[in-house]
Amino acid sequence: NEQLEQIQKKLQKNITSKRYCHTIGVMHTSISMAMRYGADLQQAALAGLLHDCAKCLDDKEMLRQCDKYDIPCNKTEKKQPYLLHAKLGACYAAQKYGVEEDAVCSAIRYHTTGRPGMSLLEAIVFTADYIEPNRKMLEHLPVIRKMAFIDLEEAVYMILRDTVEYLGKGDKEKTDQIEHHTLEAYDYYKRLHE
Ligand code: DGI
Ligand code: FE
Ligand code: FE
Ligand code: FE
């Protein structure tokens, strides 16, 4: 539709072609999951399309833009500015791409770390980002892809478990790099899973 088409045109100018391919994959996957779980299809398309709209900035520019838009950055984010593309992306969606629904901006905001008790749309975009068809193959990807259409909260748990493991839980230096939202989300979905 017209809203999506306009945004696609603008987005294509602001991110690399590889990132754009990923983004289209996340959009279609989000729409499919919204069909499965009864979420709003237009919101799922918008959030999928725009989730990485602030991704293609270097660290310095990321911090500068966050400063410009009064986005607060914690210690972990200052150390790993790429984490900020989620917060900045939510802000860009509203301010540069004319998204009016808070639900869409929130799904963009939490797409990297997740959070405890995600909304349906947040959980869909978080999962779609991980499973979209262009993602490079990870060990558990086939089973997570299947689970995403069977039990969404179980799929979220599997993604968080692999992410926390990948980021090196238990290893002090690496644990410092994990955002509190990621760890809190992991604990929350682990409890649901048990
Ligand atoms: O932007 P994408 O690459 O499409 O995906 P994303 O925004 O989900 O980012 C994925 C990367 O972020 C992946 O390498 C794992 C990492 N990540 C997720 N949670 C955390 C994290 N990195 C750090 N340092 N801390 C986190 O809590
Ligand atoms: Fe991202
Ligand atoms: Fe992700
Ligand atoms: Fe992404």
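What counts and how
- Residues numbered from 1 in each chain as written.
- Chains lettered and ligands numbered in written order.
- Predicted model: local features only at pLDDT ≥ 70, side-chain atom pairs only at ≥ 80, totals over all residues.
- Heavy atoms only, no water.
- Near = heavy atom within 4 Å.
- Areas by Shrake-Rupley, 256 points an atom, 1.4 Å probe, with all protein chains shown as cover.
- Helix = DSSP H or I, 4+ residues; strand = E, 2+ residues; numbered from the N terminus.
- Nonpolar A, V, L, I, M, F, W, Y, C, P; charged D, E, K, R; others polar.
- Phe/Tyr/Trp six-rings, centres within 6.5 Å; stacked < 30°, edge-to-face > 60°.
- Buried < 20%, exposed > 50% of the residue type's maximum accessible area, 1.4 Å probe, protein only.
- Lys NZ or Arg CZ within 6 Å of the ring centre and 35° of its normal.
- Axes fitted to C-alpha atoms, helices over the stretch in contact; angles between N-to-C directions.
- Parallel < 35°, antiparallel > 145°, perpendicular 65-115°, else oblique.
- Left-handed = near helix turned anticlockwise from the far one by under 90°.
- Contact = heavy atoms within 4.5 Å.
- Donors = N, O, S within 2.8 Å, 3.2 Å for Na, K, Ca; no water.

## A look at the site of ligand 1
By nearness alone, 19 residues border ligand 1, and Tyr82, Thr112, Gln177, Glu179 and Thr182 come closest of all. Contact with the protein chains removes 85% of the 570 Å² of surface that ligand 1 exposes when unbound. Of all the secondary structure elements, the ones that give two or more residues to the shell around ligand 1 are helix H2 (17-37) and helix H10 (152-166). Among the residues forming the shell around ligand 1, the class breakdown is 5 nonpolar, 8 polar and 6 charged.

## Some points on the packing of aromatic side chains
Tallying each qualifying case throughout the model produces 3 aromatic pairs. The interplanar angle of 75 degrees and the centroid separation of 5.8 Å between the aromatic rings of Tyr69 and Tyr92 together place this pair among those described as edge-to-face. On the criterion of sequence distance, the pair formed by Tyr69 in the loop between helix H4 (59-68) and helix H5 (75-79) and Tyr92 in helix H6 (residues 85-95) is long-range, its members being 23 residues apart. Note on Tyr92: relative accessible area 7%, which makes it buried. With 6.2 Å between their ring centres and 10 degrees between their planes, Tyr157 and Tyr186 make a pair best called stacked. Taken together, the positions of Tyr157 in helix H10 and Tyr186 in helix H12 (residues 180-193) put the pair 29 residues apart, joining distant regions of the chain. A relative accessible area of 5% places Tyr157 in the buried class. Here Tyr186 falls in the buried class, since its relative accessible area comes to 11%. Geometry around Tyr97 places Lys10 over its ring, the cationic atom sitting 5.2 Å from the centre. Just above the ring of Tyr92 sits the side chain of Lys96; from NZ or CZ to the centre is 4.3 Å.

## With respect to the packing of H2 against helix H8 (residues 120-131)
Relative orientation of the contacting elements H2 and H8 amounts to 135 degrees, with a least axis distance of 8 Å. Relative to H8, the element H2 is oriented oblique. You can see that H2 and H8 cross each other, and the crossing is right-handed. Packed against H2, whose contacting residues are His22, Val26, Thr29, Ser30, Met33, Ala34 and Tyr37, the element H8 presents Leu120, Ile124, Val125, Thr127, Ala128, Asp129 and Ile131 at the interface.

## Quick look at the environment of Glu139
Relative to the helices and strands, Glu139 resides in the loop between H8 and helix H9 (141-147). Sequence spacing of Glu139 and Asp162 is 23 residues, and the spatial spacing of their C-alpha atoms is 9.3 Å.

## Let's talk about the coordination of the iron ion (ligand 4)
At 2.2 Å from the iron ion (ligand 4) lie its protein donor atoms, namely His22 (NE2), His51 (NE2), Asp52 (OD) and Asp129 (OD). Read from N- to C-terminus, the donor residues coordinating the iron ion (ligand 4) fall into the pattern H-x28-H-D-x76-D. With relative accessibility at 0%, the residue His51 sits in the buried group. Its relative accessible area of 9% is what places Asp129 among the buried residues.

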